[in-house]
Amino acid sequence: MTDITAALAPPPAAAQGSVARRIWATAWRSPAFQAGFWILLVLVLASLIVPALSPVDATKMAIKEKFLPPLFLGEGWSWAHPLGTDQLGRDMLMRCLVGLRYSMMIGVLTVVIMFVVGCGLGLLAGFKGGWWDVIIMRITDAQLSIPMIILAITILGISKPTVPTIILVLALSGWPLYARVARSAAVTESGKEYVRGLRVLGAGDWRILLLFAAPNILPPIAFVAVLDIARMMIFEAILGFLGLGIQPPTPSFGSIIADSRKYLINAWWIGTSPGLFLAVALTAINLMGAAFETARNTIHGSAR
């Protein structure tokens, strides 16, 4: 009896966490991941520290200093405004850094909510089956039938766009994808020997799901979710461009680019600066996410 119990026992906690550690270690050895990591770290620290320490306010207007060009480009540039100023004399560097802070905050929090809600419902549907599966998957199908941007525009168009509202709207649009992936993984996991063994030994479904199955399923999904941060940042910029994002005077990438359309010829830096910041941040995140996905596929392939 002891041998049978040992054979049917679940993998130890160390084995459950080893997959996540192996994915991280494999990704970290990638030059692309390290480049993305350090670029993103610099951007995050700059967006948090520089606006807090700088005497220049991102929302302070100075009409006499409007349309100052970036350093060494054109006449009238100033060391106090290395990326120039906009049509109201506001410093473009501070506005881009504050916009980056909000964009990354919205991207990260949105993905966290999507991951928790989507994976939680997906694990429940795949592991419990029956009516749980039917109801959750029908809700998921209904949600997937509505395009994300249409849903976001509809909700934000009839309510006041605030940071919490934007996060909840984007999360509401994106959780079904995680639910489907988690459900598929849960169905596979529920058929493994250790799960059947735990049930024979009297363990309930909730205990098996929370203590043993979830730690095996969620880490690989969490690593790949890094890519969704970039996607949510793009959607936040789109909403800001349409006037449904963070409202002025708080700067956001989308609103800055939207306001710059009138000045693209004479003051091109107003729209180019936030575009470059967003492009660099997205590139860094995508490098990290792609490295995580490659590492996950490599480890899963070797496990087979």
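All values derive from a computational prediction rather than experimental measurement. (Residues numbered from 1 in each chain as written. Predicted model: local features only at pLDDT ≥ 70, side-chain atom pairs only at ≥ 80, totals over all residues. Heavy atoms only, no water.)

Remarks on the overall build of the chain
Secondary structure summary: the chain contains 12 helices and 0 strands in total. Overall, the chain shows an N-to-C arrangement of helices and strands of α-α-α-α-α-α-α-α-α-α-α-α. The principal-axis extent of the C-alpha atoms belonging to the chain is close to 85 × 45 × 30 Å. Taking all 304 residues of the chain together, the buried fraction comes to 43%. When contacts within the chain are restricted to residue pairs at least 6 apart in sequence, long-range pairs at least 24 apart make up 74% of them. Of the accessible surface of the chain, which amounts to about 15,300 Å², a share of 69% is contributed by carbon and sulfur atoms. Treating the 23 positive side-chain charges of the chain as one cloud and the 15 negative ones as another, the clouds have centres 3 Å apart. (Helix = DSSP H or I, 4+ residues; strand = E, 2+ residues; numbered from the N terminus. Buried < 20%, exposed > 50% of the residue type's maximum accessible area, 1.4 Å probe, protein only. Contact = heavy atoms within 4.5 Å. Areas by Shrake-Rupley, 256 points an atom, 1.4 Å probe, with all protein chains shown as cover. Lys, Arg positive; Asp, Glu negative; His and termini not counted. Charge placed at Lys NZ, Arg CZ, Asp CG, Glu CD.)

Focus on the pattern of salt bridges
What the rule picks out here adds up to 6 salt bridges. Two residues, R138 and D141, come together in a salt bridge whose shortest N-O distance is 2.8 Å. One end of the pair is R138 and the other is D141, both in helix α5 (residues 130–144) and 3 residues apart, which spans about a single turn. Salt bridges here are not isolated pairs; linked through shared partners, they connect D86, R90 and R95. (Salt bridge = Lys/Arg side-chain N within 4 Å of Asp/Glu carboxyl O.)

Considering the confidence of the model for the chain
Summing up the model confidence of the chain, the mean pLDDT is 85 and the portion of residues at 70 or higher is 93%. Ranking the elements of the chain by mean pLDDT puts helix α1 (residues 2–8) last, at 39, and helix α3 (residues 31–53) first, at 94. In this model, residues 1–16 is a region of pLDDT below 50 whose contacts with residues beyond four sequence positions or in other chains number 17 contacts. (pLDDT = per-residue confidence, 0-100.)

Some details on the environment of V44
By the element assignment, V44 lies in helix α3. On the basis of relative accessibility, which here comes to 26%, the residue V44 falls in the partly exposed class. Separated by 56 residues in sequence, V44 and L100 have C-alpha atoms that sit 8.1 Å apart.

Quick word on the nonpolar core
Membership of the largest hydrophobic core comes to 72 residues, with the highest contact counts inside it found for L100, Y178 and M233. Ranked by residue count, the leading element in this core is helix α4 (residues 92–128), at 14 residues. Sequence-distant contacts of Y178, defined by excluding residues within four places in its chain, comprise V111, M114, F115, G118, C119, I221, A225 and D228. (Core = buried A, V, L, I, M, F, W, Y, C linked by side-chain atoms within 4.5 Å.)

Things to note about a nonpolar patch on the surface
Together, W38, L41, L45, L48, I49 and L53 make up an exposed nonpolar region whose accessible area comes to about 590 Å². Structurally, L45 is set in helix α3. (Patch = residues over 30% accessible without salt bridge, like charges linked within 9 Å, V, L, I, M, F, W, Y side chains within 5 Å.)

Considerations on the packing of α4 against helix α10 (residues 226–241)
Direction vectors running N to C along α4 and α10 enclose 125 degrees, while the axes themselves pass 8 Å from each other. Put simply, α4 runs oblique to α10. Considering the relative orientation of α4 and α10, their crossing is right-handed. Taking contact as the criterion, the partners of L100, S103, M104, I106, G107, V108, T110, V111 and M114 in α4 are, on α10, D228, I229, R231, M232, M233 and E236. Of the residues that constitute the contact of α4 with α10, the class distribution is 9 nonpolar, 3 polar and 3 charged. (Axes fitted to C-alpha atoms, helices over the stretch in contact; angles between N-to-C directions. Parallel < 35°, antiparallel > 145°, perpendicular 65-115°, else oblique. Left-handed = near helix turned anticlockwise from the far one by under 90°. Nonpolar A, V, L, I, M, F, W, Y, C, P; charged D, E, K, R; others polar.)

Focus: α5
Along an α-helix, residues three or four positions apart point the same way, because every turn accommodates 3.6 residues. An ideal rise of 1.5 Å per residue puts 21 Å on 15 residues; α5 measures up with 21 Å between its terminal C-alpha atoms. Looking only at α5, the buried set comprises D133, I136, M137, T140 and Q143. All buried residues of α5 fall inside an arc of 115 degrees around its axis, so they share one side. Packed against the buried residues of α5 are α4, α6 (148–158) and α7 (163–190). (Expected span 1.5 Å × (residues − 1). Arc of directions from axis to C-beta.)

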